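# Coordinate analysis (summary)
Each chain is listed here by its residues.
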Amino acid sequence: MNAEQSKSLLSSGHLSADPYINNCYSEMCMSTTQVAPQPGKHKIGWVIAAIFIIADMVGGGVVAMPVAFKLSGLPMGILIMLTVAVSFEYTGYLLGKVWNKIMERNPHIGVCRKPFPEMAKRTMGTNMQRFTSVLGNVTQFGVSVVYLLLSANIIHFFISHVLHVDSISNCLVITVLAFLIWPFTLLASPGEFWVVIVFAMLTTVIAVVSIHTGIALDSTACFSAVSYPVTTSTSTILSFGIFLFAFSGHYVFPTIQHDMKNPRDFTKSIFAGFLGVVILYLPLCIFAFVVYGDSMTDSVIYSIQSPSLQLLANLMISFHCIMTLVIVINPLNQEVEHYAKISHAFGIGRVITRTIVLFLVLFVALTVPDFQPVMNLVGASTIPMGCAVLPSLFYLYSEAATEEEWRKGKIPTLREVLDRTDKTVLIINLIIIFGAILGGVLGSYQGVLKLIKAKFTEPCYIRLFTETTYNSTFQVKNVCCGANRDINVFNVTDFC
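Residues numbered from 1 in each chain as written. Predicted model: local features only at pLDDT ≥ 70, side-chain atom pairs only at ≥ 80, totals over all residues. Heavy atoms only, no water.

## Observations regarding the overall build of the protein
- Within the protein one finds 19 helices and two strands.
- In the protein, which comprises 496 residues, the share counted as buried stands at 55%.
- In the protein, 83% of the contacts between residues at least 6 apart in sequence involve partners at least 24 apart.
- For the protein, the exposed area adds up to about 20,900 Å²; of that, 67% sits on carbon and sulfur atoms. (Helix = DSSP H or I, 4+ residues; strand = E, 2+ residues; numbered from the N terminus. Buried < 20%, exposed > 50% of the residue type's maximum accessible area, 1.4 Å probe, protein only. Contact = heavy atoms within 4.5 Å. Areas by Shrake-Rupley, 256 points an atom, 1.4 Å probe, with all protein chains shown as cover.)

Here it is, written out as structure tokens:
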């Protein structure tokens, strides 16, 4: 874009004199005034951005993290959790630094629809941009499918087992949920649906409070007969994957930063967001481990012996996943709109493209209702890569590039990166990179084992023409506590 074009866009109001409104302008971004949004609208502050970060990360981690402590033991669990939290907070901080540097070096470069691949392009080249784009899209699409299915399974269980309505199938619940989510996916960017995310955060808090309350009610009876697991190096290593996934969400971070009033404040959001997640996770994990010990199974919610609190926690997790889906699918929607050259302004183009994307998510959910084992394998490789490996590489390459190389678009070689980087910074990032790769390998191994054991059922649309009924693999289990899992706190018949 030459000076005259920049001046024209500035005067027309499509670009701002503030470089932090213009963000990014390249093949990932729009190049005409017809698609440029009005500046300054729907921007969020750093506190709301922090809530976005918390809502993006928590959810399944709330129920799975205590089980990771069972595998690792209490002291090692605390150490691993804090190490992963600090490491991933650091890589989130690096993403913010890289994005700020890109905008400082390119003060009038347009409107970016998907900053994560743009960072890959400007720091490591076009091939890395393509790789990052595919990696992020696969992850976000898969997570969207999992969130839709998990929410539908919990709600269907509530309808059939609590309301005792057996005429409504799980496939129908999946479809209705997708229809209810659809209007919120039409909102342009995080700045427009921040209220949804505040409610997602609220549901998470209610779920955590419910779990804490349930553990407290069980504590007297369960703690007196608790048995703690004997951990091994193998079980500790296997817990590492759960810890990594519980703090993932980096694919969405640049999109959140992109919509901030002052993206320089993203460092505050990262710090507050990760601190909030640790506050939600750590006390819950310690409390659950001390009270239930070895009796915990797949989810800490199953160990809660109050049926009402167990149901409330599950429903809140379901609502959280529904609303978090709106965050996860947004970067994918924006990239599809980029390639389709759809205007940023609300119109028929956005409605059509985003409806198609959500329809594809629904189609996969209806085709593979037992999609979780597939996503376990995919996520094991893509999440560590996006949350640790790529952010560190982006930062190392961006810092190693000189101003002249940056202006000419020259990418430093690996040797230049190693030679120019401060050795302490280099060692820290290499440790994070290799640790994430180890977690990805272990997670992939577990994912393969689960995929081999998985039982897949017919697609929902095939069952319309057959007599087959779909019984969801999701079940709310009742797990009694104690060394032999035989302590029934409320003396409910056939509870265990």
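## Some remarks on helix H7 (residues 126–162)
- Between its first and last C-alpha atoms H7 spans 53 Å; for 37 residues at 1.5 Å apiece the expected length is 54 Å, and the two agree.
- Along H7, 26 of the 37 residues are buried, which leaves the element largely enclosed by surrounding structure.
- Trailing H7 by a residue or two, His-164 shows a phi angle of about 60°, which is positive. (Expected span 1.5 Å × (residues − 1).)

## Digging into the environment of Leu-315
- Along the chain, Leu-315 turns up in helix H13 (residues 307–339).
- Taking relative accessible area as the criterion, Leu-315 reaches 14% and is therefore assigned buried.
- Remark: the alpha-carbon pair of Leu-315 and Ile-206, spanning 109 residues in sequence, is separated by 10.0 Å.
- Sequence-distant contacts of Leu-315, that is, excluding residues within four places in its chain, are made with Ile-154 and Phe-158.

## Section: the packing of helix H9 (residues 194–223) against helix H12 (residues 266–292)
- Closest axis-to-axis distance for the H9/H12 pair is 9 Å, and the angle between their directions is 20°. With respect to their mutual orientation, H9 and H12 come out roughly parallel. Relative to H12, H9 is oriented so that their crossing is left-handed. Residue-level contacts link Met-201, Thr-204, Val-208, Ile-211, His-212, Gly-214, Ile-215, Ala-216, Asp-218, Ser-219, Cys-222 and Phe-223 of H9 to Leu-280, Pro-283, Leu-284, Phe-287, Ala-288, Val-290, Val-291 and Tyr-292 of H12. (Axes fitted to C-alpha atoms, helices over the stretch in contact; angles between N-to-C directions. Parallel < 35°, antiparallel > 145°, perpendicular 65-115°, else oblique. Left-handed = near helix turned anticlockwise from the far one by under 90°.)

## Examining the environment of Phe-289
- The topology assignment puts Phe-289 in helix H12.
- A residue is classified by how much of its surface remains accessible, and Phe-289, at 7% relative accessible area, is buried.
- Between the alpha carbons of Phe-289 and Leu-74 there is a distance of 7.2 Å; along the sequence they are 215 residues apart.
- Setting aside residues up to four positions removed in sequence, Phe-289 forms contacts with Phe-69, Lys-70, Gly-73, Leu-74, Tyr-228, Pro-229 and Met-296.

## Some thoughts on the side chain of Ser-133
- Here Ser-133 is to be found in helix H7.
- For Ser-133, a relative accessible area of 7% gives the class buried.
- When neighbours within four sequence positions are excluded, Ser-133 is seen to be in contact with Lys-114, Pro-117 and Glu-335.

## A closer look at the state of the cysteines
- Evaluated as defined, the whole model comprises two disulfides.
- Here Cys-222 engages in a disulfide with Cys-481; their sulfurs sit 2.0 Å apart. Judged by the sign of its S-S torsion, about -75°, the bond between Cys-222 and Cys-481 is left-handed. Of this pair, Cys-222 sits in helix H9 while Cys-481 sits in the segment after helix H19 (460–463), and the two are 259 residues apart along the sequence.
- Look at Cys-222 and you get buried, because its relative accessible area is 0%.
- We classify Cys-481 as buried; its relative accessible area is 0%. (Disulfide = S-S within 2.5 Å.)

## Observations regarding the side chain of His-320
- Assignment of secondary structure puts His-320 in helix H13.
- We classify His-320 as buried; its relative accessible area is 0%.
- Within polar-contact distance, the side chain of His-320 engages the backbone oxygen of Ala-200 at 3.2 Å.
- Engagement of the side chain of His-320 in a polar contact is seen with the side chain of Thr-204, the distance being 2.7 Å.
- When sequence neighbours within four positions are dropped, the list of residues in contact with His-320 reads Ala-55, Val-58, Gly-59, Ala-200, Thr-203 and Thr-204. (Polar contact = N/O pair within 3.5 Å; in protein donor to acceptor, adjacent residues only side chain to side chain.)

## Let's talk about the confidence of the model for the protein
- Averaged over all residues, the pLDDT of the protein is 81; the fraction at 70 or higher stands at 85%.
- Element-level mean pLDDT values for the protein span from 37 in helix H2 (residues 19–22) up to 93 in H12.
- Below pLDDT 50 for its whole length, residues 1–40 participates in 93 contacts with residues either more than four positions away or in separate chains. (pLDDT = per-residue confidence, 0-100.)

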